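# Summary of structural features
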Amino acid sequence: MSLRLIPDNNQVSSISTTTFGEAAASAPGLQDILKTGEGPLNLASKVNNRHPLEGRISNWEQTQYETRLETYRRVFGAGEPIKRTMELQIIESTDFKPSLLGGSDPLHKDILLNRDSSVTWEDIYKGGFESGNNVKDFHSELENKVGI
Amino acid sequence: MNSIASQFTNNNNNIIRNEINSVTHEFAQQNSLNLVPSITLPPISQPTDFLRAHTDDETNPDCKIKIAHGTTTLAFRYQGGIIVAVDSRATAGNWIASQTVNKVIRINPFLLGTMAGGAADCQYWETWLGTQCRLHELREKERISVAAASKILGNLVYQYKGMGLSMGTMVCGYTKKEGPTIYYVDSDGTRLKGDLFCVGSGQTFAYGVLDSEYKWELTDEEALYLGKRSILAATHRDAYSGGSINLYHVTEKGWIYHGNHNVGDIFWDIKEQEKSFNNVDG
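### Some points on the overall build of chain B
- In terms of helices and strands, chain B carries 8 helices and 14 strands.
- For chain B, buried positions account for 47% of its 282 residues.
- Of all intrachain contacts in chain B linking residues separated by at least 6 positions in sequence, the fraction that spans at least 24 positions is 59%.
- On chain B, roughly 14,600 Å² of surface is accessible, and the fraction owed to carbon and sulfur atoms is 53%.
- The averaged location of the 30 negative side-chain charges in chain B is 5 Å from the averaged location of its 25 positive side-chain charges.

### A closer look at the interface of chain A and chain B
- Each partner contributes to the interface: chain A provides 35 residues, whereas chain B provides 36 residues.
- Here chain A and chain B share 0 salt bridges between them.
- Our enumeration of links across chain A and chain B arrives at 10 residue pairs in polar contact (both at pLDDT 80 or more).
- Elements with a contribution of two residues or more to the side of chain A that touches chain B: strand S1 (14-15), helix H2 (43-47), helix H4 (60-76) and helix H5 (79-94) of chain A.
- A per-element tally of the side of chain A that touches chain B places H5 of chain A first, with 5 residues.

### A short note on the pairing of strand S10 (residues 179-186) of chain B
Residue and element names in this part refer to chain B.
- Of all 8 residues making up S10, 8 are buried, and the element is well covered by its neighbours.
- Where strand S9 (residues 168-175) lies against S10, 8 bridges are found, and the strand directions are antiparallel. The partner of Cys172 across the bridge, within S10, is Ile182.
- Where S9 hands over to S10, the hairpin turn is made up of 3 residues, counted between the paired strands.
- Summarising the sheet, S10 and strand S11 (residues 191-194) pair through 4 bridges and their orientation is antiparallel. Pairing of Ile182 across the sheet is with Gly194, part of S11.
- Between the antiparallel neighbours S10 and S11 lie 4 residues, among them Gly189 with a positive phi of about 100°.

### Digging into the sheet that holds strand S2 (residues 68-69) of chain B
Residues and elements named next belong to chain B.
- Pairing in this open sheet of 3 strands is antiparallel, and the strands run S2-S5-S6 from one edge to the other. Edge positions in the sheet fall to S2 and strand S6 (95-98), since each of these pairs with one other strand and no more.
- The pairing of S2 with strand S5 (residues 90-92) spans 2 bridges and is classified as antiparallel. Residue pairing across strands places Ala68 opposite Ala92, the latter belonging to S5.

### Here we look at the sheet that holds strand S7 (residues 104-108) of chain B
All names here are of chain B.
- Read across the open sheet, the 5 strands follow the order S7-S8-S9-S10-S11; overall the sheet is antiparallel. A strand with exactly one partner marks an edge of an open sheet, and here the two such strands are S7 and S11. The average angle at which neighbouring strand axes cross in this sheet is 25°, direction not considered.
- Contacts from helix H4 (residues 119-140) reach S7, strand S8 (111-114) and S9 within the one sheet, and its direction differs from that of S7 by about 15°.
- Strands S8, S9, S10 and S11 of the sheet are contacted by helix H5 (residues 146-159), whose axis makes an angle of about 5° with S10.

### Description of H4 of chain B
All names here are of chain B.
- Over its 22 residues, H4 runs 31 Å from end to end, which matches the ideal 32 Å to within 8%, given 1.5 Å per residue.
- Burial in H4 covers these residues: Asp121, Cys122, Trp125, Glu126, Trp128, Leu129, Gly130, Gln132, Cys133 and His136.
- As for H4, its buried residues are in contact with S7, S8, H5 and S9.
- A positive backbone phi angle near 60° is found at Lys141, which sits one or two residues after H4.

### Remarks on the environment of Val199 of chain B
Residue and element names in this part refer to chain B.
- Turning to its location among the elements, Val199 is positioned in strand S12 (residues 196-200).
- On a C-alpha basis, the gap between Val199 and Tyr174 in space is 20 Å, while along the polypeptide they are 25 residues apart.
- Contact partners of Val199, with chain neighbours within four places excluded, come to Thr71, Thr72, Thr73, Ala116, Gly168, Met170 and Tyr184.

### Re helix H6 (residues 203-213) of chain B
Residue and element names in this part refer to chain B.
- Listed as buried for H6 are Ala206, Val209 and Leu210. Buried residues in H6, looked at end-on, bunch into an arc of 95°, giving them a common side. Turned more than 90 degrees from where H6 packs its buried face, Thr204 and Ser212 sit exposed.
- Looking at the packing, one finds that the buried side of H6 touches strand S3 (72-78), S12 and helix H7 (220-237).

### Details of the environment of Lys176 of chain B
All names here are of chain B.
- Among the secondary structure elements, Lys176 is positioned in the loop between S9 and S10.
- Here Lys176 falls in the exposed class, since its relative accessible area comes to 86%.
- Taking the C-alpha atoms as reference, Lys176 lies 19 Å from Arg106; in sequence the two are 70 residues apart.

### What about the side chain of Ser88 of chain B?
Residues and elements named next belong to chain B.
- Relative to the elements of secondary structure, Ser88 occurs in the loop between strand S4 (81-86) and S5.
- Ser88 sits in the buried class, given a relative accessible area of 1%.
- If near-sequence neighbours (up to four positions away) are discounted, Ser88 is found in contact with Ser98, Gln99, Thr100, Val101, Lys103, Gly242, Gly243 and Ser244.

### So, the pattern of salt bridges
Residues and elements named next belong to chain A.
- Under the counting rule described, the total for this entry stands at 12 salt bridges over all chains.
- The partner of Arg73 in a salt bridge is Glu70, and the shortest N-O contact between them spans 3.3 Å. Taken together, the positions of Arg73 and Glu70, both in helix H4 and 3 residues apart, correspond to about one turn of that helix. An identical accessibility class is assigned to Arg73 and Glu70; each is buried.
- A salt bridge links Glu70 to Arg74, with the nearest nitrogen and oxygen atoms 2.8 Å apart. Here the residue Glu70 and the residue Arg74 both occupy positions in helix H4, the gap between them amounting to 4 residues, near one helical turn.
- Through salt bridges with shared partners, one network takes in Glu70, Arg73 and Arg74.

Reading the values: rules and limits
Along each chain, the written sequence defines residue order, and numbers are assigned to residues from 1. Whichever chain is written first is A, and whichever ligand is written first is 1; the rest continue in order. Reporting of local features is limited, given that this is a predicted model, to residues whose pLDDT is at least 70; pairs of side-chain atoms are given and counted only at 80 or more, and all residues count toward the totals for whole chains, interfaces and linings. The basis for every side-chain value is the complete set of non-hydrogen atoms in the structure, without hydrogens or water. The numbering of helices and of strands both runs from the N terminus, where a helix is a DSSP run of H or I of at least 4 residues and a strand a run of E of at least 2. Using a 1.4 Å probe on the protein chains alone, a residue whose accessible area is under 20% of its type maximum counts as buried, one over 50% counts as exposed, and one in between counts as partly exposed. In this description, contact between two residues means that some pair of their heavy atoms is separated by no more than 4.5 Å. For accessible areas, the Shrake-Rupley method is used with a probe of radius 1.4 Å. Any residue's cover is judged against the shown protein chains and nothing else. In summary, the charge assignment counts Lys and Arg as positive and Asp and Glu as negative, without counting His or the chain termini. Charge positions come from single atoms, namely NZ of Lys, CZ of Arg, CG of Asp or CD of Glu. Whenever Lys or Arg places a side-chain nitrogen within 4 Å of a carboxyl oxygen from Asp or Glu, that contact is recorded as a salt bridge. Any N or O atom pair separated by 3.5 Å or less is treated as a polar contact, with the protein-specific requirement of one donor-capable and one acceptor-capable atom, and with residues adjacent in sequence counted only for side-chain atom pairs. Pairing between two strands is assigned when DSSP locates at least 2 bridges connecting them. The axes are straight lines fitted to the C-alpha atoms, using for helices just the contacting stretch, and the angles between their N-to-C directions are given from 0 to 180°. Under the convention used throughout, the expected extent of a helix is 1.5 Å for every residue step, that is, one less than its residue count. Taken from the helix axis, the directions to the C-beta atoms give the arc we talk about.

Interpretation note: all reported values are geometric properties and have no functional meaning in isolation.
Encoded structure:
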């Protein structure tokens with residue numbers, strides 16, 4: 001487990017045609033263009049000209065969360081992080097509202113993550129950097145949820 | 001629940017052990033056969049320029065890795081199917097790497113792909129195209145159309161656009177619903193359907209002969225001779241083409257190989273037979 005302050009750099013170290021999207025059912029060697037709806041993918045545009053800190057900043061929340069859980073483990077015992085992770089996972093597996101209809105209500109998640117009394121940019125720009133252009137369609141979302 | 005609990009046990013505590021395990025896990029995973037190859041990238045700001053700096057002959061003549069380039073390939077449609085003719089010389093920078101390269105890739109018994117530009121790129125990706133075509137056949141229970149095969153190749157090449165792939169290839173095939181079809185696919189992502197294409201450093205010389213003699217009503221022998229004569233003209237004037245000529249004829253029953261003709265020998269035969277190439281002393 002990690003007690004990190006600075007997130008790891010998750011710059012892509014190896015790419016293939018399916019690293020940035022799922023493979024199409026009809027052409028398993030290529031990314032599914034119809035599903036993403038963005039047109040043919042150019043790998044060079046996803047790999048070149050990235051800010052040197054981008055890989056680390058995109059990991060910030062997750063790293064801080066892991067550090068916090070690790071300190072709880074050391075101070076209060078393994079039960080603390082296990083219980084917290086379990087509660088989050090219960091919510092994620094029982095909540096479903098398609099993002100076409102607005103996505104699931106973040107009420108339970110906000111309470112658990114202690115975000116219910118604050119409003120930040122993440123509440124306005126809900127998906128982060130790469131969202132907004134292509135909302136995931138209902139079928140692929142449900143497939144992901146159910147695990148097909 | 002077990003997976004959550006195991007995340008927080010003492011076993012996962014050792015950072016160094018986790019790192020070693022993840023690296024060996026990565027190496028172990030690479031033994032599996034993937035449908036697409038993965039390319040490792042250097043961790044710099046412009047990873048795709050790294051390889052180009054070391055292999056691009058035009059921008060840096062001192063580069064250490066010289067890619068095999070230079071060729072003449074042609075394909076044309078006529079009433080009896082498709083004729084594909086290629087030369088067989090490979091040059092790397094300023095020297096001739098080989099005089100006996102096979103520049104036609106047999107994707108499947110009904111599809112041929114020609115190779116111009118970087119030899120490795122064409123060979124690898126056209127063989128990969130062959131696997132995709134076979135998977136298509138197994139899935140759809142019918143042979144893949146030439147349009148679909150060239151589309152797969154074109155989309156793949158577009159994904160790698162700007163990363164230094166160099167290939168100009170023609171996908172030629174005969175299917176029942178399309179008839180004889182030729183698609184030209186480029187490493188820039190161009191994909192064009194046409195009747196007649198010459199690709200490579202010697203393409204202009206081949207176009208000269210081909211354009212002047214081509215008509216749809218050619219007989220099979222005339223068409224084969226025309227393909228051979230066009231490549232001969234290109235090998236005569238282009239320094240990067242030569243070696244020998246490989247001829248293929250694609251019919252509705254599949255492709256037929258029509259032999260390997262050494263340029264050095266047939267040049268004199270054709271010169272005598274046609275009374276052409278008069279500037280060369282016999």
